[in-house]
Amino acid sequence: MRSKLPDAPVLKSMPTRIIAAHYNRVQIALKKLGHPLHLMLPGMRGFQVYIEDDAWICADRNLNNLPILAWTEFRPGTRDGLNESVPCQLLYYHPYANVVIRTVLEDSVKILNARMRRAGRGVKGRIVAFPGIHRP
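The structure contained in this document is the topic of the report that follows. In this text the structure is predicted, and so the values were computed from the model without any measurement.

Calculation criteria
- All residue numbers refer to positions counted from 1 along the written sequence of the respective chain.
- With the structure being a predicted model, the display of local features is reserved for residues of pLDDT at least 70 and the display and counting of side-chain atom pairs for 80 or more, all residues being used for whole-chain, interface and lining totals.
- For the side-chain quantities, the full set of heavy atoms in the structure was used; hydrogens and water were omitted.
- Helix numbering and strand numbering both begin at the N terminus, where a helix is a DSSP run of H or I of at least 4 residues and a strand a DSSP run of E of at least 2.
- A simple rule labels every residue: compare its accessible area, found with a 1.4 Å probe on the protein chains alone, to the largest value its type can have, and call it buried under 20%, exposed over 50%, or partly exposed in between.
- Throughout, a residue-residue contact means that at least one pair of heavy atoms, one from each residue, lies within 4.5 Å.
- Each accessible area is a Shrake-Rupley estimate made with a 1.4 Å probe; only the visible protein chains count as cover when residues are assessed.

## Details of the overall build of the chain
Within the chain one finds 2 helices and 6 strands. When the helices and strands of the chain are read in sequence order from the N terminus, they spell out β-α-β-β-β-β-β-α. Taking all 136 residues of the chain together, 40% fall into the buried category. Counting only contacts in the chain whose residues sit at least 6 apart along the sequence, the fraction spanning at least 24 positions is 56%. Carbon and sulfur atoms make up 55% of the accessible area of the chain, which totals about 8900 Å².

## Let's talk about unusual backbone geometry
Residue proline 36 follows histidine 35 across a cis peptide bond; omega there is -25°. For proline 36, the position within the fold is in the loop between α1 (20-33) and β2 (37-40). One non-glycine residue, asparagine 65, lies in positive phi territory at about 60°. Looking at the element boundaries, asparagine 65 is found in the loop between β4 (55-60) and β5 (66-72). Look at glutamate 73: it is not a glycine, yet its phi comes out positive at around 50°.

Geometry only, nothing functional implied.
This is the structure:
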């Protein structure tokens, strides 16, 4: 599924990398919590993040969902291990995007961690016996 990338003009586009911890946590959250994810960022009045498989978009709700920045074109297959960062493309839609970029990913991961903890409460595990395995 192709994400809903905004039709707004891109001011700047550049290759970048997302650290493994952030990329991996978002992928786990997409699997556990479903697609797409919508996050309201605390302390950033009106800023929200839409997370889909192929794009993470930060937008300003107070400005009619004007995009601020977006990460696209993720290439996780180019890394040799889960501990390596993921190359992608970073799109700047707003002149002040470089100010918020420092906190957007960190805040998003914190929100996703809290959501996954809440979603995991009440889930009871059980031990399943495998046939053919005998304990002494």
